[in-house]
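Below, each chain spelled out in residue letters.
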Amino acid sequence: MLKHHKKAAAASVLCLSLLLSACGNNTNNTDNPLDKVQVDMNGATAAPSASFSTPFSVDRNVSRVIEEGSGEAIQDGDNILVEITQFNGTDGSSKDAQGREQTTYASAPFNITVNEQLKEEDPEAYETVKKLKVGGSFMMSSNRDPRVQPSPGAPAKTVSPGTPTNVQVITVKQKINNLVSGKAEAEDPKLPKFTLDEKSGKAEIKLPEDKGEEPKELVSKDLIVGSGEKVKETDNVYARYMGVRWSDGKEFENHYNADSTQPVVGFPLQQVIQGWQKGLVGKTVGSRVELVIPASLAYGEQAPENTKGALVFVIDILDAKTNHSAVKSKEQMDALKKQAAEKAASASANPSGGAAPSQAPAPSGDGSASASASPAATEQKPSESASTK
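Worth saying up front: this structure is predicted, and the values here are computed from it rather than measured. (Residues numbered from 1 in each chain as written. Predicted model: local features only at pLDDT ≥ 70, side-chain atom pairs only at ≥ 80, totals over all residues. Heavy atoms only, no water.)

Caption draft 1: The overall build of the protein, seen in detail. The number of helices and strands found in the protein is six helices and 16 strands. When burial is assessed residue by residue, the protein has 44% of its 389 residues classed as buried. Sequence separation of 24 or more characterises 79% of the internal contacts of the protein that already satisfy a separation of 6 or more. Accessible surface, the protein as shown: approximately 19800 Å² in total, 48% of it carbon and sulfur. (Helix = DSSP H or I, 4+ residues; strand = E, 2+ residues; numbered from the N terminus. Buried < 20%, exposed > 50% of the residue type's maximum accessible area, 1.4 Å probe, protein only. Contact = heavy atoms within 4.5 Å. Areas by Shrake-Rupley, 256 points an atom, 1.4 Å probe, with all protein chains shown as cover.)

Caption draft 2: Inspection of the packing of aromatic side chains at higher detail. Scanning all chains against the criterion turns up seven aromatic pairs. With centroids separated by 5.6 Å and ring planes inclined at 85°, the aromatic side chains of Phe 252 and Phe 313 adopt a geometry described as edge-to-face. Remark: Phe 313 occurs in strand 16 (residues 311–322) and Phe 252 occurs in strand 13 (residues 251–254); sequence separation between them is 61 residues. Taken individually, Phe 252 and Phe 313 each receive the classification buried, so the pair is uniform in this respect. Ring centres 5.2 Å apart and planes at 80° place the aromatic pair Trp 276 and Phe 313 in the edge-to-face group. (Phe/Tyr/Trp six-rings, centres within 6.5 Å; stacked < 30°, edge-to-face > 60°.)

Caption draft 3: Representation of the pattern of salt bridges in the model. Applying the stated criterion across every chain, the model contains 16 salt bridges. Where Glu 68 meets Lys 133, a salt bridge forms, and the shortest distance between an N and an O atom there is 3.9 Å. In this pair, Glu 68 sits in the loop between strand 3 (62–67) and strand 4 (79–87) while Lys 133 sits in the loop between helix 4 (123–130) and strand 6 (137–141), placing the two residues 65 residues apart along the sequence. Judged by its relative accessible area of 30%, Lys 133 falls in the partly exposed class. The partner of Lys 175 in a salt bridge is Glu 72, with the nearest N and O atoms 3.9 Å apart. Residue Lys 175 is found in strand 7 (residues 167–176), and its partner Glu 72 is found in the loop between strand 3 and strand 4; the two are separated by 103 residues along the sequence. You can call Lys 175 partly exposed: its relative accessible area is 22%. Linked through salt bridges whose partners overlap, the residues forming this network are Glu 72, Asp 78 and Lys 175. (Salt bridge = Lys/Arg side-chain N within 4 Å of Asp/Glu carboxyl O.)

Caption draft 4: How the structure looks around the sheet that holds strand 6. Strand order in the open sheet formed by five strands is 3-6-7-4-5, and the pairing between neighbours is antiparallel. The outermost strands of the open sheet, each flanked by one partner alone, are strand 3 and strand 5 (110–113). If you compare each strand with its neighbour and ignore which way they point, the axes differ by 35° on average. Here helix 4 sits on the sheet in contact with strand 3, strand 4 and strand 6, set at roughly 15° to strand 3. (Pairing = 2+ DSSP bridges. Axes fitted to C-alpha atoms, helices over the stretch in contact; angles between N-to-C directions.)

Caption draft 5: Molecular detail of the environment of Trp 246. By secondary structure assignment, the location of Trp 246 is in the loop between strand 12 (235–245) and strand 13. With near-sequence residues (within four places) excluded, Trp 246 lies in contact with Pro 192, Leu 207, Lys 211, Gly 212, Glu 213, Glu 214, Pro 215, Val 292, Ala 310, Leu 311 and Val 312.

Caption draft 6: Quick peek at the confidence of the model for the protein. Mean pLDDT over the protein works out to 85, with 82% of the residues at or above the 70 mark. Throughout residues 3–28 the model reports pLDDT below 50, and contacts reaching past four residues in sequence, or to other chains, amount to 97 contacts. This model gives residues 354–389 a pLDDT under 50, and the stretch forms 64 contacts once residues within four places in sequence are excluded. (pLDDT = per-residue confidence, 0-100.)

Okay, structure coming up:
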(Lines give C-alpha, C1' and ligand atoms only; values in the text may rest on other atoms or scores of the structure.)
Protein backbone atom coordinates (compact mmCIF):
# COMPACT_ATOMS: atom_id res chain seq x y z
CA MET A 1 0.00 0.00 0.00
CA LEU A 2 2.86 2.35 0.53
CA LYS A 3 4.67 4.30 -2.12
CA HIS A 4 7.75 2.95 -0.44
CA HIS A 5 7.67 4.61 2.97
CA LYS A 6 11.39 3.97 3.46
CA LYS A 7 12.01 6.70 0.93
CA ALA A 8 9.82 9.19 2.76
CA ALA A 9 11.36 12.52 3.69
CA ALA A 10 12.26 11.73 7.28
CA ALA A 11 13.90 8.42 6.48
CA SER A 12 15.80 9.81 3.50
CA VAL A 13 17.21 12.70 5.50
CA LEU A 14 18.45 10.49 8.34
CA CYS A 15 20.87 7.60 8.09
CA LEU A 16 18.55 5.43 10.13
CA SER A 17 20.41 2.32 9.05
CA LEU A 18 22.95 3.14 11.72
CA LEU A 19 20.28 2.34 14.25
CA LEU A 20 18.45 -0.50 12.54
CA SER A 21 21.06 -2.47 10.63
CA ALA A 22 24.30 -4.27 11.27
CA CYS A 23 27.17 -1.94 12.00
CA GLY A 24 30.89 -2.09 12.58
CA ASN A 25 32.52 -4.37 15.08
CA ASN A 26 32.05 -3.67 18.77
CA THR A 27 35.09 -3.71 20.97
CA ASN A 28 35.74 -3.74 24.69
CA ASN A 29 37.42 -0.36 24.53
CA THR A 30 36.11 1.55 27.55
CA ASP A 31 37.09 4.96 26.18
CA ASN A 32 33.80 6.27 24.81
CA PRO A 33 34.23 9.21 22.37
CA LEU A 34 30.60 10.21 23.01
CA ASP A 35 31.54 11.27 26.55
CA LYS A 36 32.96 14.41 24.94
CA VAL A 37 29.72 15.27 23.12
CA GLN A 38 27.65 17.96 24.85
CA VAL A 39 23.90 17.79 24.25
CA ASP A 40 21.00 20.11 25.10
CA MET A 41 17.77 18.10 24.83
CA ASN A 42 15.54 21.21 24.77
CA GLY A 43 13.08 19.47 27.03
CA ALA A 44 12.57 16.75 24.40
CA THR A 45 9.94 19.00 22.81
CA ALA A 46 12.14 20.22 19.96
CA ALA A 47 15.21 19.00 18.13
CA PRO A 48 18.23 18.82 20.45
CA SER A 49 21.44 20.71 19.90
CA ALA A 50 24.90 19.16 20.23
CA SER A 51 28.45 20.38 20.29
CA PHE A 52 31.65 18.41 19.83
CA SER A 53 35.10 18.74 18.37
CA THR A 54 35.21 18.10 14.64
CA PRO A 55 35.98 16.06 12.73
CA PHE A 56 34.31 13.49 15.00
CA SER A 57 35.26 9.86 14.42
CA VAL A 58 34.75 6.46 16.07
CA ASP A 59 36.33 3.09 15.29
CA ARG A 60 33.40 0.92 16.44
CA ASN A 61 29.76 1.12 17.56
CA VAL A 62 29.42 3.39 20.56
CA SER A 63 26.40 4.61 22.53
CA ARG A 64 25.75 6.62 25.67
CA VAL A 65 22.60 7.07 27.72
CA ILE A 66 21.74 10.76 28.15
CA GLU A 67 18.62 10.40 30.28
CA GLU A 68 17.09 7.13 31.49
CA GLY A 69 13.51 8.43 31.36
CA SER A 70 10.72 8.17 33.92
CA GLY A 71 7.99 6.34 32.01
CA GLU A 72 7.36 2.66 31.36
CA ALA A 73 10.40 0.39 31.00
CA ILE A 74 11.20 -0.79 27.46
CA GLN A 75 10.61 -4.53 27.05
CA ASP A 76 11.10 -7.11 24.32
CA GLY A 77 8.25 -6.95 21.84
CA ASP A 78 7.51 -3.28 22.45
CA ASN A 79 6.78 -0.97 19.55
CA ILE A 80 8.17 2.46 20.29
CA LEU A 81 8.09 5.84 18.61
CA VAL A 82 11.37 7.75 18.69
CA GLU A 83 12.62 11.16 17.65
CA ILE A 84 16.03 11.11 15.95
CA THR A 85 18.36 13.98 15.18
CA GLN A 86 21.60 13.43 13.29
CA PHE A 87 24.70 15.60 13.52
CA ASN A 88 27.35 15.56 10.81
CA GLY A 89 30.70 14.27 12.03
CA THR A 90 32.54 16.59 9.64
CA ASP A 91 31.23 19.94 10.84
CA GLY A 92 28.76 19.18 13.65
CA SER A 93 25.81 20.53 11.68
CA SER A 94 22.34 18.96 11.85
CA LYS A 95 21.66 19.94 8.23
CA ASP A 96 22.31 17.93 5.10
CA ALA A 97 23.98 19.14 1.90
CA GLN A 98 20.68 20.70 0.74
CA GLY A 99 20.23 22.61 4.01
CA ARG A 100 17.45 20.38 5.34
CA GLU A 101 17.32 19.59 9.03
CA GLN A 102 18.24 15.96 9.68
CA THR A 103 15.64 15.36 12.35
CA THR A 104 12.30 13.64 12.70
CA TYR A 105 11.09 16.71 14.61
CA ALA A 106 10.72 18.25 11.15
CA SER A 107 8.47 15.39 10.01
CA ALA A 108 7.14 12.70 12.38
CA PRO A 109 8.45 10.14 14.89
CA PHE A 110 10.12 6.97 13.64
CA ASN A 111 8.85 3.57 14.81
CA ILE A 112 11.06 0.75 16.08
CA THR A 113 10.13 -2.74 17.22
CA VAL A 114 12.31 -4.05 20.04
CA ASN A 115 12.70 -7.64 18.88
CA GLU A 116 15.15 -10.35 17.90
CA GLN A 117 15.80 -8.70 14.54
CA LEU A 118 17.03 -5.52 16.22
CA LYS A 119 19.07 -7.61 18.66
CA GLU A 120 20.75 -9.56 15.85
CA GLU A 121 21.35 -6.61 13.55
CA ASP A 122 22.51 -4.10 16.12
CA PRO A 123 23.18 -5.47 19.62
CA GLU A 124 24.53 -2.12 20.76
CA ALA A 125 21.30 -0.26 19.95
CA TYR A 126 19.18 -3.10 21.35
CA GLU A 127 21.00 -3.21 24.69
CA THR A 128 20.95 0.57 25.02
CA VAL A 129 17.22 0.86 24.29
CA LYS A 130 16.49 -1.87 26.84
CA LYS A 131 18.18 0.27 29.53
CA LEU A 132 15.70 3.09 28.98
CA LYS A 133 12.20 4.00 29.99
CA VAL A 134 9.75 6.05 27.96
CA GLY A 135 11.08 9.60 27.87
CA GLY A 136 14.67 8.43 27.91
CA SER A 137 17.35 9.53 25.45
CA PHE A 138 20.66 8.22 24.18
CA MET A 139 23.24 9.00 21.54
CA MET A 140 25.17 6.72 19.26
CA SER A 141 27.73 6.69 16.49
CA SER A 142 29.12 3.96 14.24
CA ASN A 143 31.98 3.41 11.83
CA ARG A 144 29.73 1.45 9.48
CA ASP A 145 29.99 2.63 5.90
CA PRO A 146 26.47 3.98 5.12
CA ARG A 147 27.14 3.66 1.39
CA VAL A 148 27.33 -0.15 1.53
CA GLN A 149 24.35 -2.36 2.35
CA PRO A 150 25.64 -5.38 4.31
CA SER A 151 24.81 -8.88 3.11
CA PRO A 152 22.70 -11.02 5.48
CA GLY A 153 24.93 -12.73 8.02
CA ALA A 154 28.05 -10.91 6.85
CA PRO A 155 29.88 -8.20 8.82
CA ALA A 156 29.19 -4.67 7.70
CA LYS A 157 31.84 -2.77 5.78
CA THR A 158 33.45 -0.05 7.88
CA VAL A 159 34.99 3.26 6.93
CA SER A 160 38.74 3.80 7.10
CA PRO A 161 40.17 5.00 10.44
CA GLY A 162 39.78 8.73 10.99
CA THR A 163 36.81 9.09 8.64
CA PRO A 164 34.19 11.41 10.21
CA THR A 165 31.19 9.53 11.62
CA ASN A 166 27.79 11.01 12.40
CA VAL A 167 26.27 11.34 15.85
CA GLN A 168 22.61 10.47 16.38
CA VAL A 169 20.57 11.60 19.36
CA ILE A 170 17.47 9.46 19.96
CA THR A 171 14.56 10.00 22.37
CA VAL A 172 11.91 7.38 23.14
CA LYS A 173 8.63 9.32 22.98
CA GLN A 174 6.07 6.60 23.66
CA LYS A 175 4.98 3.00 23.27
CA ILE A 176 2.21 2.04 20.89
CA ASN A 177 -0.08 -0.98 21.16
CA ASN A 178 0.54 -4.17 19.22
CA LEU A 179 -3.11 -4.50 18.21
CA VAL A 180 -6.26 -2.39 18.35
CA SER A 181 -9.04 -2.86 20.87
CA GLY A 182 -12.44 -1.23 20.64
CA LYS A 183 -16.06 -1.76 19.75
CA ALA A 184 -16.55 -4.50 17.13
CA GLU A 185 -18.95 -3.64 14.32
CA ALA A 186 -21.43 -6.00 12.70
CA GLU A 187 -19.97 -7.94 9.77
CA ASP A 188 -21.13 -7.36 6.21
CA PRO A 189 -21.52 -10.80 4.55
CA LYS A 190 -20.95 -9.22 1.15
CA LEU A 191 -17.42 -8.16 2.11
CA PRO A 192 -14.31 -10.32 2.60
CA LYS A 193 -14.10 -11.85 6.09
CA PHE A 194 -11.10 -11.14 8.34
CA THR A 195 -10.01 -13.48 11.13
CA LEU A 196 -7.10 -13.13 13.54
CA ASP A 197 -5.81 -15.53 16.17
CA GLU A 198 -4.02 -13.14 18.51
CA LYS A 199 -2.11 -15.93 20.26
CA SER A 200 -0.58 -17.44 17.15
CA GLY A 201 -0.65 -14.26 15.09
CA LYS A 202 -2.35 -16.08 12.20
CA ALA A 203 -4.42 -13.63 10.17
CA GLU A 204 -6.55 -14.36 7.12
CA ILE A 205 -8.76 -12.50 4.66
CA LYS A 206 -11.26 -14.79 2.98
CA LEU A 207 -13.17 -13.56 -0.06
CA PRO A 208 -16.90 -14.39 -0.31
CA GLU A 209 -17.63 -17.22 -2.74
CA ASP A 210 -20.12 -15.03 -4.61
CA LYS A 211 -17.90 -11.96 -4.61
CA GLY A 212 -19.06 -10.91 -8.06
CA GLU A 213 -17.21 -8.62 -10.44
CA GLU A 214 -14.11 -6.66 -9.57
CA PRO A 215 -15.11 -3.60 -7.51
CA LYS A 216 -15.21 -0.21 -9.19
CA GLU A 217 -15.78 1.87 -6.05
CA LEU A 218 -13.81 2.15 -2.82
CA VAL A 219 -15.25 0.49 0.27
CA SER A 220 -13.98 1.57 3.70
CA LYS A 221 -15.57 -0.46 6.48
CA ASP A 222 -14.88 -0.26 10.23
CA LEU A 223 -14.42 -3.72 11.75
CA ILE A 224 -13.46 -2.26 15.14
CA VAL A 225 -14.06 1.38 16.07
CA GLY A 226 -11.34 3.00 18.13
CA SER A 227 -11.72 5.93 20.50
CA GLY A 228 -8.61 7.91 19.47
CA GLU A 229 -8.14 11.01 17.36
CA LYS A 230 -9.32 11.09 13.76
CA VAL A 231 -6.67 10.49 11.11
CA LYS A 232 -5.82 13.58 9.05
CA GLU A 233 -4.45 13.65 5.52
CA THR A 234 -1.21 15.20 6.81
CA ASP A 235 -0.61 12.52 9.46
CA ASN A 236 1.95 9.79 9.79
CA VAL A 237 0.08 6.57 10.46
CA TYR A 238 1.50 3.62 12.42
CA ALA A 239 -0.25 0.39 11.58
CA ARG A 240 -0.33 -3.38 11.27
CA TYR A 241 -2.02 -4.69 8.16
CA MET A 242 -2.32 -7.39 5.54
CA GLY A 243 -3.39 -7.40 1.92
CA VAL A 244 -4.75 -9.87 -0.66
CA ARG A 245 -5.68 -9.69 -4.32
CA TRP A 246 -9.37 -9.46 -5.15
CA SER A 247 -8.96 -11.72 -8.17
CA ASP A 248 -7.89 -14.85 -6.28
CA GLY A 249 -7.50 -13.94 -2.60
CA LYS A 250 -3.75 -14.52 -2.71
CA GLU A 251 -1.92 -12.82 0.17
CA PHE A 252 0.95 -10.52 -0.78
CA GLU A 253 1.79 -8.90 2.55
CA ASN A 254 1.07 -9.65 6.20
CA HIS A 255 2.26 -7.74 9.26
CA TYR A 256 0.00 -9.57 11.71
CA ASN A 257 1.94 -12.83 11.59
CA ALA A 258 3.96 -13.64 14.69
CA ASP A 259 7.11 -14.15 12.62
CA SER A 260 6.89 -10.74 10.93
CA THR A 261 10.20 -8.92 11.36
CA GLN A 262 8.41 -5.57 10.96
CA PRO A 263 5.02 -5.91 12.64
CA VAL A 264 4.37 -2.16 12.80
CA VAL A 265 4.87 0.08 9.79
CA GLY A 266 4.91 3.87 9.92
CA PHE A 267 4.22 5.97 6.83
CA PRO A 268 3.12 9.45 5.72
CA LEU A 269 -0.49 9.11 4.59
CA GLN A 270 0.22 11.47 1.68
CA GLN A 271 2.71 8.94 0.29
CA VAL A 272 0.51 5.85 0.00
CA ILE A 273 -1.88 4.68 -2.69
CA GLN A 274 -5.09 6.64 -3.22
CA GLY A 275 -7.24 3.86 -1.78
CA TRP A 276 -5.47 4.20 1.55
CA GLN A 277 -5.55 7.99 1.53
CA LYS A 278 -9.26 8.15 0.78
CA GLY A 279 -10.17 5.19 2.98
CA LEU A 280 -8.28 6.09 6.17
CA VAL A 281 -8.77 9.85 6.51
CA GLY A 282 -11.38 10.45 9.20
CA LYS A 283 -10.98 7.01 10.79
CA THR A 284 -10.08 6.98 14.47
CA VAL A 285 -6.88 5.73 16.08
CA GLY A 286 -7.54 2.32 17.58
CA SER A 287 -9.76 1.24 14.68
CA ARG A 288 -9.48 -1.83 12.47
CA VAL A 289 -10.50 -0.91 8.94
CA GLU A 290 -11.21 -3.07 5.89
CA LEU A 291 -10.53 -1.47 2.52
CA VAL A 292 -11.76 -2.91 -0.76
CA ILE A 293 -9.82 -0.89 -3.32
CA PRO A 294 -10.60 -0.75 -7.05
CA ALA A 295 -7.69 -0.98 -9.45
CA SER A 296 -8.03 2.72 -10.27
CA LEU A 297 -7.09 3.62 -6.67
CA ALA A 298 -4.43 0.90 -6.22
CA TYR A 299 -1.05 0.49 -7.92
CA GLY A 300 -1.90 0.85 -11.58
CA GLU A 301 -0.60 -0.99 -14.60
CA GLN A 302 3.05 -0.72 -13.58
CA ALA A 303 2.47 -2.67 -10.35
CA PRO A 304 4.15 -6.04 -9.80
CA GLU A 305 1.99 -8.96 -10.90
CA ASN A 306 1.07 -9.95 -7.32
CA THR A 307 -0.52 -6.54 -6.65
CA LYS A 308 -2.25 -5.75 -9.94
CA GLY A 309 -5.95 -5.10 -10.05
CA ALA A 310 -8.35 -4.59 -7.16
CA LEU A 311 -7.04 -5.28 -3.66
CA VAL A 312 -8.35 -5.95 -0.16
CA PHE A 313 -6.59 -4.70 2.98
CA VAL A 314 -7.29 -4.90 6.69
CA ILE A 315 -5.47 -2.26 8.74
CA ASP A 316 -5.08 -1.75 12.48
CA ILE A 317 -4.55 1.99 13.06
CA LEU A 318 -2.30 1.89 16.13
CA ASP A 319 -1.44 5.58 16.21
CA ALA A 320 -1.24 8.72 14.10
CA LYS A 321 1.00 11.76 14.50
CA THR A 322 1.14 15.07 12.68
CA ASN A 323 3.74 15.00 9.92
CA HIS A 324 5.09 18.54 9.96
CA SER A 325 6.68 18.18 6.54
CA ALA A 326 3.34 17.12 5.07
CA VAL A 327 1.59 20.06 6.74
CA LYS A 328 4.10 22.46 5.22
CA SER A 329 3.69 20.91 1.77
CA LYS A 330 -0.09 21.15 2.01
CA GLU A 331 0.09 24.80 3.04
CA GLN A 332 2.31 25.54 0.05
CA MET A 333 -0.04 23.70 -2.29
CA ASP A 334 -3.11 25.43 -0.86
CA ALA A 335 -1.43 28.81 -1.32
CA LEU A 336 -0.64 28.01 -4.96
CA LYS A 337 -4.23 26.88 -5.60
CA LYS A 338 -5.53 30.10 -4.07
CA GLN A 339 -3.12 32.11 -6.20
CA ALA A 340 -4.27 30.28 -9.33
CA ALA A 341 -7.95 30.79 -8.45
CA GLU A 342 -7.42 34.51 -7.89
CA LYS A 343 -5.58 34.79 -11.20
CA ALA A 344 -8.40 32.97 -13.01
CA ALA A 345 -11.01 35.20 -11.36
CA SER A 346 -9.02 38.28 -12.37
CA ALA A 347 -8.75 37.08 -15.97
CA SER A 348 -12.50 36.39 -16.06
CA ALA A 349 -13.25 39.87 -14.77
CA ASN A 350 -10.90 41.41 -17.34
CA PRO A 351 -11.44 39.50 -20.62
CA SER A 352 -9.16 41.90 -22.48
CA GLY A 353 -6.25 40.20 -20.73
CA GLY A 354 -5.13 43.06 -18.48
CA ALA A 355 -4.89 42.28 -14.82
CA ALA A 356 -7.10 44.31 -12.48
CA PRO A 357 -4.98 46.83 -10.55
CA SER A 358 -5.77 45.19 -7.22
CA GLN A 359 -4.77 41.78 -8.57
CA ALA A 360 -1.54 42.76 -10.30
CA PRO A 361 1.40 40.54 -9.36
CA ALA A 362 4.14 42.17 -7.34
CA PRO A 363 7.16 43.16 -9.46
CA SER A 364 10.48 41.52 -8.79
CA GLY A 365 13.72 43.41 -8.42
CA ASP A 366 14.21 43.64 -12.18
CA GLY A 367 10.68 44.87 -12.83
CA SER A 368 9.30 41.53 -14.03
CA ALA A 369 6.44 39.70 -12.33
CA SER A 370 7.50 37.06 -9.84
CA ALA A 371 5.79 33.81 -8.90
CA SER A 372 6.47 31.08 -6.39
CA ALA A 373 7.36 27.64 -7.66
CA SER A 374 5.76 24.61 -6.09
CA PRO A 375 7.97 21.70 -5.10
CA ALA A 376 7.05 18.75 -7.29
CA ALA A 377 5.25 15.89 -5.58
CA THR A 378 7.18 12.65 -5.90
CA GLU A 379 5.24 9.48 -6.60
CA GLN A 380 6.94 6.58 -4.85
CA LYS A 381 6.72 2.87 -5.37
CA PRO A 382 5.11 0.45 -2.91
CA SER A 383 7.10 -1.14 -0.11
CA GLU A 384 9.85 -3.26 -1.59
CA SER A 385 9.51 -5.85 1.16
CA ALA A 386 6.32 -7.08 -0.47
CA SER A 387 6.36 -5.11 -3.69
CA THR A 388 3.44 -3.17 -2.27
CA LYS A 389 1.71 -1.39 0.44
